[in-house]
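One letter stands for each residue in the lines below.
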Amino acid sequence: MSLKIHGIAASRASRPLWVALELGLAFEHVPLHYKDGATHTPEFLALNPNGHIPVLQDEGVVVWESMACALYLADNYKGPEGLNLAAQTKAESAEILRWTFWVVTECEKDALTILMHTLVMPADRRKPELAAEAARRLTGPLRVIEQHLAGQSAGAAYLAGERFTVADIAVASVLAWIKPAPELLAACPATAAWLARCLDRPAQLQLRAMSRKG
Ligand SMILES: N[C@@H](CCC(=O)N[C@@H](CS)C(=O)NCC(=O)O)C(=O)O
């Protein structure tokens, strides 16, 4: 199979995996964990010298950085019946680029802190004060996405407008991490409704089933 995605589903590999599942692509999933040193072997470092998952291999092309992997798939592959997650207009291109960069630079670190210190780390190592500080910092960026979504014209249910695109996958993959701080989404009803729409999609349900398997 020419397309390979390295990285367990319960990791940032979820981003390219979600795109691949939406598009119904045939791909080989290599469920490499990030904990057991598997990302620091000479073979893996030859693919990604950062020693991180995900990595995408497409024939001779190697892509690392999860958002780059997601955008690469959306740009180079289409789904059944012309399903297209990439930009089709300049306006969509602007939305996809800005929301993807926005979520990585303005939200990802704090969203991860919330997830780690409420759910993922063993209870005795969690620091609730770090999760609370991160939640406080996120109120600013969340106000921005809330204004955008609440201010869209009728029928424009997604970040780039009426169509679900890779921008929604990029941003929803990160904002899903803030669910353990429910007060954040309670203050942003348009964002909460949009996030639920994204996370209820069949490809996302498939992805969560893959995550549970490990
Ligand atoms: N900015 C990178 C971060 C990748 C990353 O940190 N991946 C984690 C798993 S979600 C990892 O591989 N950690 C292993 C390590 O740091 O040794 C991306 O988005 O791909």
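K.L.:
Give me the packing of helix α5 (residues 128–150) against helix α8 (residues 189–199): which residues, what numbers.
P.N.:
Axis angle and axis distance: for two packed helices, these are the angle between their axes and the distance between the axes, and together they describe the pair. Relative orientation of the contacting elements α5 and α8 amounts to 80°, with a least axis distance of 7 Å. The angle between the axes of α5 and α8 places the two elements in the roughly perpendicular class. Contacts between α5 and α8 involve Ile145, Glu146, Leu149 and Ala150 on the former and, on the latter, Pro189, Ala190, Thr191 and Trp194. For the contact of α5 with α8, the class distribution of residues is six nonpolar, one polar and one charged.

K.L.:
Quick rundown of the packing of aromatic side chains? Include the residues and the values.
P.N.:
On inspection of all chains with the given rule, the structure shows three aromatic pairs. With 6.3 Å between their ring centres and 40° between their planes, Trp18 and Phe164 make a pair best called tilted. Residue Trp18 is found in helix α1 (residues 14–23), and its partner Phe164 is found in the loop between α5 and α6 (166–175); the two are separated by 146 residues along the sequence. Comparing Trp18 with Phe164, the two get one shared label, buried. Between Tyr158 and Phe164, the aromatic rings sit 5.6 Å apart at their centres with planes inclined by 80°, giving edge-to-face as the arrangement. The buried category is assigned to Tyr158, whose relative accessible area is 14%. Counting every residue linked through ring pairs, the aromatic cluster contains Trp18, Tyr158 and Phe164. The side chain of Arg197 reaches across the aromatic face of Tyr158, ending 5.8 Å from its centre. Taking NZ or CZ as reference, Arg201 lies 3.6 Å from the ring centre of Phe164, over its face.

K.L.:
I'd like to hear about the site of the ligand, residue by residue, with values.
P.N.:
In the vicinity of the ligand, the contacting residues are Ser11, Arg12, Tyr34, Thr39, His40, Gly51, His52, Ile53, Pro54, Glu65 and Ser66. Within the side chain of Glu65, an N or O atom sits 2.9 Å from a nitrogen atom of the ligand. Relative to its unbound accessible area of 500 Å², the ligand is 77% covered by the protein chains. For the shell around the ligand, the per-class residue count stands at three nonpolar, six polar and two charged.

K.L.:
Please set out the pairing of strand β4 (residues 61–64) residue by residue, giving values where relevant.
P.N.:
Alignment of strand β3 (residues 55–58) against β4, held across four bridges, turns out to be antiparallel. Each residue of the ladder has a partner; that of Asp58, found in β4, is Val61. Between β3 and β4, which pair antiparallel and follow one another directly, the connecting turn spans two residues, one of which, Glu59, has a positive phi of 50°.

Conventions adopted
Residues numbered from 1 in each chain as written. Predicted model: local features only at pLDDT ≥ 70, side-chain atom pairs only at ≥ 80, totals over all residues. Heavy atoms only, no water. Axes fitted to C-alpha atoms, helices over the stretch in contact; angles between N-to-C directions. Helix = DSSP H or I, 4+ residues; strand = E, 2+ residues; numbered from the N terminus. Parallel < 35°, antiparallel > 145°, perpendicular 65-115°, else oblique. Contact = heavy atoms within 4.5 Å. Nonpolar A, V, L, I, M, F, W, Y, C, P; charged D, E, K, R; others polar. Phe/Tyr/Trp six-rings, centres within 6.5 Å; stacked < 30°, edge-to-face > 60°. Buried < 20%, exposed > 50% of the residue type's maximum accessible area, 1.4 Å probe, protein only. Lys NZ or Arg CZ within 6 Å of the ring centre and 35° of its normal. Near = heavy atom within 4 Å. Polar contact = N/O pair within 3.5 Å; in protein donor to acceptor, adjacent residues only side chain to side chain. Areas by Shrake-Rupley, 256 points an atom, 1.4 Å probe, with all protein chains shown as cover. Pairing = 2+ DSSP bridges.

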